[in-house]
Amino acid sequence: MDSTPVIQLSGLRKRFGAVTAVDGIDLTIRPGEVVALLGPNGAGKTTTVDLALGLSTPTSGSVRLFGEDPRAAVVDGRVGAMLQGGALLPDMTVRDIVALVGAAHRNPMPVDEALRRARCTEIAGRRVNKLSGGQLQRARFAVAVVSDPDLLVLDEPTAAMDVEARHVFWSSMREFTDAGRTVVFATHYLDEADTFADRIVIMRSGRVVADGTPSEIKAIAATRTIRFGGVQESAHVALRGLPGTVGLEARHGSVTLRTDRSDQTLRALLASFPEAHDIEVVASTMDDAFLALTADQPEQPGVSA
């Protein structure tokens, strides 16, 4: 496989007047990676995507796609994109608009194949202005893949989709990623990043604050929860004193301890409270890590993939 980075961002900055939207990003994405870009509103995700695609000019720093200028890579048909602001002509059918975009590329995939991959076959004859929100997103996906790109960039791809439609979308996406293509997607759905990404990049205030596998990102939260029943309320003070315990919640007879040393906490719990039952130990979630990394506090060091 070609070792040339698919995306190379170096010292990337973008300012809009007094506002710095992207503040010195260095990021390398290799062939075959599936990378999720996470961050709260205003973190700079969409601006970073626009810069990477050559849709916006950086204030400083550089962008290379496949070792060349982004626009050259787009013209070569190596990049497909599904963007929030990507409008489709309302009076055209889904098939016609996919065919129109395909005709603009040198080596597109067959239109029927693009429609099948995007699960759009049954809506191929429907006009764009008659599509539901989820159907419109699928049509945008068909437009993005018809060039048969090596890199697919998705900005909030499952926005406006219900749960079932999201599952259908990611099922179709697996066909694309299983072929070894590179995918970068920005999302607000943390479960999507946890489930489908090989690597997660978290942004805050225009900077990368964490970069690693889903397991590495979740480990940053560094806490687990221990839930159990059978312990009286009068014992809560003693429970708070168990080694590693950093928090306690009690509700309807059930106790939840947060701990940064779960093994020690669990041993002490069983030794001191043998009446505890229905014990459940739960690892940190992506939500926990996301909140820890994007809270209004000094940046934490990222992990390397």
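Described in the following lines is the structure provided in the data block. (Residues numbered from 1 in each chain as written. Predicted model: local features only at pLDDT ≥ 70, side-chain atom pairs only at ≥ 80, totals over all residues. Heavy atoms only, no water.)

## Some points on the environment of Ile279
Mapped onto the secondary structure, Ile279 falls in strand β13 (residues 277-282). In this structure, the C-alpha to C-alpha distance between Ile279 and Thr48, residues 231 residues apart in sequence, is 44 Å. Not counting residues up to four positions away in its chain, the partners in contact with Ile279 are Ile226, Arg227, Phe228, Leu266, Leu269 and Leu270. (Helix = DSSP H or I, 4+ residues; strand = E, 2+ residues; numbered from the N terminus. Contact = heavy atoms within 4.5 Å.)

## Considerations on the side chain of Arg204
Structurally, Arg204 is set in strand β8 (residues 199-204). For Arg204, the side chain forms a polar contact with the main-chain oxygen of Leu293, separated by 3.2 Å. (Polar contact = N/O pair within 3.5 Å; in protein donor to acceptor, adjacent residues only side chain to side chain.)

## What to know about the nonpolar core
Within the largest apolar cluster, 49 residues are counted, with the highest numbers of intra-cluster contacts made by Val98, Leu152, Met173, Ile200 and Ile217. In terms of residues, this core owes the most to one element, helix α5 (residues 133-145), which gives 6 residues. If near-sequence neighbours (up to four positions away) are discounted, Met173 is found in contact with Phe141, Leu152, Leu154 and Val183. (Core = buried A, V, L, I, M, F, W, Y, C linked by side-chain atoms within 4.5 Å. Buried < 20%, exposed > 50% of the residue type's maximum accessible area, 1.4 Å probe, protein only.)

## What to know about the sheet that holds strand β9 (residues 207-212)
Across the sheet, 6 strands lie side by side as β5-β6-β7-β3-β8-β9; this open sheet has mixed pairing. A strand with exactly one partner marks an edge of an open sheet, and here the two such strands are β5 (79-82) and β9. When the angles between neighbouring strand axes are averaged without regard to direction, this sheet yields 15°. Pairing of β8 with β9 involves 5 bridges; the strand directions are antiparallel. Across the sheet, residue Arg204 finds its bridge partner in β9, namely Arg207. In the packing of helix α6 (residues 163-178) onto the sheet, contacts are made with β3 (34-38), β5, β6 (151-155) and β7 (182-186), and the angle to β7 comes to roughly 150°. Here helix α11 (residues 286-294) sits on the sheet and contacts β3, β8 and β9; the angle it forms with β8, its principal contact strand, is near 35°. (Pairing = 2+ DSSP bridges. Axes fitted to C-alpha atoms, helices over the stretch in contact; angles between N-to-C directions.)

## Structural notes on the packing of helix α3 (residues 94-103) against α5
A pair of packed helices is captured by two measures, namely the crossing angle of their axes and the spacing between those axes. Here α3 crosses α5 at 25°, and the two axes come no closer than 8 Å. Comparing the axis directions of α3 and α5 gives the class roughly parallel. As for the relative orientation of α3 and α5, their crossing is right-handed in sense. Here Val94, Ile97, Val98 and Val101 of α3 lie close against α5, whose contacting residues are Ala139, Ala142 and Val143. Residue classes in the contact of α3 with α5 are distributed as 7 nonpolar, no polar and no charged. (Parallel < 35°, antiparallel > 145°, perpendicular 65-115°, else oblique. Left-handed = near helix turned anticlockwise from the far one by under 90°. Nonpolar A, V, L, I, M, F, W, Y, C, P; charged D, E, K, R; others polar.)

Remember, this is a structural readout, not a statement about activity or role.
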